[in-house]
Amino acid sequence: MQRSETRAASSLKLDLRPPARLDPWAITLAVAIALATIVPPLAVALIVSGFILAAGALLWKDLVPENWRVMAVLVPLFVVGGAGIAYLHAAAPDPLAELAALEPGEITIEGKVVSPPVQTGFGYRADLRVERLWFEEQEVLRGGGVEIFAVDLAGIGVGDRIRVDGEITPPAPAEDGFDYARYLATKRISAVVDAISVRPVSEEPGLVGKVHRRTDTALGYGLRPQEAAVVRGMVLGDRSLIPEELDEAFRRSGITHVLAISGQHVAILAAMIYFVLRAFAVPMVVRVPVTLGLIWAYILVAGAPPSAIRAGVVATFVLAAALLGRQLSPLHFMTTMLAAVLAYNPQLVYSTGFQLSVAAVFGILLLRKPLQSLVKATVLRPFRTPPETLSNLLSVSLAAQIATAPIIAASFDEVSIIGVLTNLIAVPLSGPILTLGLLASIFGNVAPALAYPLNAVNGFLVTILEWVARGASAMPFAAAKTPGATPLLIWLFYAGCLPAALAEVWFPKERWPLWAAFLLIWTAAWLTLVSFA
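Calculation notes
Residues numbered from 1 in each chain as written. Predicted model: local features only at pLDDT ≥ 70, side-chain atom pairs only at ≥ 80, totals over all residues. Heavy atoms only, no water. Helix = DSSP H or I, 4+ residues; strand = E, 2+ residues; numbered from the N terminus. Rg over C-alpha atoms; globule rule 2.2 N^0.38 Å. Buried < 20%, exposed > 50% of the residue type's maximum accessible area, 1.4 Å probe, protein only. Pairing = 2+ DSSP bridges. Core = buried A, V, L, I, M, F, W, Y, C linked by side-chain atoms within 4.5 Å. Phe/Tyr/Trp six-rings, centres within 6.5 Å; stacked < 30°, edge-to-face > 60°. Polar contact = N/O pair within 3.5 Å; in protein donor to acceptor, adjacent residues only side chain to side chain. Contact = heavy atoms within 4.5 Å. Expected span 1.5 Å × (residues − 1). pLDDT = per-residue confidence, 0-100. Axes fitted to C-alpha atoms, helices over the stretch in contact; angles between N-to-C directions. Parallel < 35°, antiparallel > 145°, perpendicular 65-115°, else oblique. Left-handed = near helix turned anticlockwise from the far one by under 90°. Nonpolar A, V, L, I, M, F, W, Y, C, P; charged D, E, K, R; others polar. Salt bridge = Lys/Arg side-chain N within 4 Å of Asp/Glu carboxyl O.

**Notes on the overall build of the protein**
- Within the protein, the regular secondary structure consists of 20 helices and 9 strands.
- A globule of 533 residues ought to have a C-alpha radius of gyration of about 24 Å, and the protein, at 26 Å, matches this closely.
- Viewed in the frame of its principal axes, the protein has a C-alpha envelope of about 80 × 60 × 60 Å.
- Classification of the 533 residues of the protein by burial places 43% in the buried group.

**A closer look at the pairing of strand 4 (residues 138–141)**
- Relative to strand 4, strand 3 (residues 123–135) runs antiparallel, the two sharing 3 bridges. Counterpart to Leu133 in the pairing with strand 4 is Leu141.
- Remark: 2 residues form the turn of the hairpin made by strand 3 and strand 4, two consecutive strands paired antiparallel; Glu136 in that turn has positive phi of roughly 50 degrees.

**Let's talk about the nonpolar core**
- Ranked by size, the top nonpolar core spans 51 residues in total, and within it Met234, Phe250 and Leu465 carry the most contacts.
- The element best represented in this core is helix 10 (residues 263–279), accounting for 8 residues.

**Digging into the packing of aromatic side chains**
- Under the definition given, this model contains 7 aromatic pairs.
- Ring geometry for Trp25 versus Phe78: centroids 5.9 Å apart, planes at 45 degrees, classification tilted. You can see Trp25 sitting in helix 2 (residues 25–38) and its partner Phe78 sitting in helix 4 (residues 69–91), a full 53 residues away along the chain.
- On the basis of relative accessibility, which here comes to 27%, the residue Trp25 falls in the partly exposed class.
- Classification of Phe78 as buried rests on a relative accessible area of 18%.
- Each ring, one from Phe507 and one from Trp515, has its centre 4.9 Å from the other, and the planes form 25 degrees; the classification is stacked.
- Note on Phe507: relative accessible area 22%, which makes it partly exposed.
- Connected via pairs of aromatic rings, a cluster forms that spans Trp506, Phe507, Trp515 and Phe518.

**A few points about the side chain of Thr523**
- Mapped onto the fold, Thr523 is located in helix 20 (residues 512–532).
- A polar atom in the side chain of Thr523 sits 2.8 Å from the backbone oxygen of Leu519.
- Excluding anything up to four places from it in sequence, Thr523 contacts Ile402 and Phe493.

**Focus: helix 8 (residues 225–236)**
- For helix 8, with 12 residues, the first-to-last C-alpha span of 15 Å sits near the 16 Å given by 1.5 Å per residue.
- In terms of burial, helix 8 is a largely internal element, 10 of the 12 residues being buried.
- Inspection of helix 8 places Glu227, Ala228, Ala229, Val230, Val231, Arg232, Gly233, Met234, Val235 and Leu236 among the buried residues, and these make up the whole buried set.
- Gly237 sits one or two residues past helix 8 and shows a positive phi near 75 degrees.

**A word on the confidence of the model for the protein**
- Residues at a pLDDT of 70 or more form 91% of the protein, whose mean pLDDT is 83.
- In the model of the protein, helix 1 (residues 2–15) stands out as the element of lowest mean pLDDT, 43, in contrast to strand 5 (residues 145–150), which has the highest, 93.

**Observations regarding the environment of Leu398**
- Along the chain, Leu398 turns up in helix 15 (residues 388–412).
- When its relative accessible area of 16% is taken as the criterion, Leu398 is described as buried.
- For the pair Leu398 and Gln372, spaced 26 residues apart in sequence, the C-alpha to C-alpha distance is 9.2 Å.
- Among residues more than four places away in sequence, those in contact with Leu398 are Leu371, Val375, Val420 and Leu520.

**Some points on the packing of helix 14 (residues 352–377) against helix 15**
- Put simply, helix 14 and helix 15 touch, their axes get as near as 6 Å, and they point 140 degrees apart. Comparing the axis directions of helix 14 and helix 15 gives the class oblique. Our pair here, helix 14 against helix 15, has a crossing hand that is right-handed.
- Considered class by class, the residues forming the contact of helix 14 with helix 15 number 17 nonpolar, 9 polar and 3 charged.

**Points about helix 11 (residues 284–301)**
- Here helix 11 is 18 residues long and its end C-alpha atoms lie 25 Å apart, about the 26 Å a rise of 1.5 Å per residue gives.
- Those residues of helix 11 lying buried are Arg287, Val288, Thr291, Leu292, Ile295, Tyr298, Ile299 and Val301.

**With respect to the pattern of salt bridges**
- All told, the structure shown has 18 salt bridges when counted by the stated rule.
- A salt bridge links Glu131 to Arg161, with the nearest nitrogen and oxygen atoms 3.0 Å apart. Pair noted here: Glu131 is in strand 3 and Arg161 is in strand 6 (residues 161–169), with a separation of 30 residues, a long-range link.
- For Arg161, a relative accessible area of 33% corresponds to the partly exposed category.
- Here Glu504 ties to Lys369 by a salt bridge, and the two come within 3.1 Å at their closest N and O atoms. Of this pair, Glu504 sits in helix 19 (residues 503–506) while Lys369 sits in helix 14, placing them 135 residues apart in sequence.
- Where salt bridges share partners, they join Glu248, Arg251, Arg252, Glu414 and Lys481 into one cluster.

Structure, rendered in C-alpha cells:
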C-alpha cells in the first residue's frame, strides 16, 4: 500500500513539472542561417551571444523563465548549427560555375527543363537541371543548373529532357546593377548558356511535361486569351503571357500576389484531394500520403517556385500532425518550415518572392489579432456585434500589406496604397478562381474539353478581377513611389513593428487597439519618409 502511494506521489510530482518550451529552436536556426549567409560577422556575434545566454541560464536561475531554460541552454547548438549549414553551402565547390568562369567555348548539355519557357527580347529562356555536360566530346561533369537562352523553344515544356549545344558563361550583372548571379543562385542555377541548337532527347515528353502541357491546354478552353493567361498564372505560376499593362495594373493595385503560387493554391488543392478521399472512406494512413504525393506533384509541375516549396513544407507538417494525432502551433510550424527551406538553400534569403511570402505569413500570424481588435473598435464600432468574417478579412489584408510593404518598397520602388481595399475584393475572389482553375486542370488532364464549363464560369470571375485591378490602379493615389527604401530603414521599420507583433504576449487585450493604431501611424510615417528621401 505504501509503495503504491509512493508511486502515485512520484507520478503526481512529474505531472506538475513545468513543460520545456522548445518552439523557438527553428527561428534560432533560421536566423543563424540567414545572418551567416548575408553578413557572416553578425553570425559570429550571434554565436557569442548564444553562449553568453546559455551560461547565464545555467548560472542564474532567474535570468529566464523556468520553462524556457532548456531552450536558452540549447541556443548555442542551434546557432552554431545554422552558421555551419550556411558555411557548408558557401564552401561547397561548384564545378559548373568554375567551368563557366573559364568560358571554354561550345559545350553540350543534356538535362531536364524545370521552368516554362518565357519569351524575352532575344527569344526564349528556361531553366535546366544538368544531367550530363560534354566539352570537346568528353563528359566533364554532372549535376547543377543552368539558364538557357534560345531563339526558339517551340514544343519544349516543363519536364522534357533536351540536349543543348551552346556557349556557357557566368551570369552577367544587369545594366541597372541588379545582381543576376545572386538571383539565379536562389534557383540553384550557377551559369547561363546561349544555345545554338536545342532538341528533345526523346520524342515522347516526360510525365511532368505531359501533365503540364495538358493543364496548359485545358486552361485555354472556354476562355479568352487574356483571361486564360491570368488563370494560367494563378494555377501554373506562368505569367509570361499576361500583357505588360495588365501585369502593371495588378502590381499598382496591390493584388499581384494572387498571380503567384502561394499557400492558398496548395491549401485549396490539399483540401479538395483530402475531402474527396475522405468522402470515399479512404483510411487516413492512405489519405495523407496520397494527398501529400499529389501536392508535391503539383509543385513540380508548376516549376517548384520558392513560395510553393514553402507551402508544400507547411502542408506536409500539417497533414503529418493530423496523421500522428499531434497539434502544431501555426507559428511553430511556420518557423520550422523556414528553417527547413533555408537549410536546403540559404540563398533563398535573397529571393524577393520568398521574402514576400514569408513576410506576409508571419505578418498575418503576429499582427492580425491586434489589427482585428482595432478594426472592431473603430471601423466596425457601429455594429452591436461586429461581423467576425469582415473584421478578420480586413485585419488579414492590413497585416499582409504592412508586413510586405518594406520589401515591395525596396524591390519595386513603389508601394500600393489602395491594396488594403482592393484585397477585400481580390482575395475572396481568388479562392473560387483558383478552385475552378484547379478543377479544370484535373478534368482537363482526362480530356481538355471537360474543362470548358468550369472555365466558362471562371471567365466571368477573372473579368471582375481584371476590372478591379485596372480600376484601382488608374486612381491617382493608388501607389506611392519609394526611392529611399534602404536596408537600414527596412530594419528600422520592422523594429518599430515589434510592439504590435508581441502585443498578444506582452500586453493585456484591452491595449491591443492602441498598439495596432501605433503600427498604422508608424507605417504611414515610414512610407512618407522613404517617399521623400
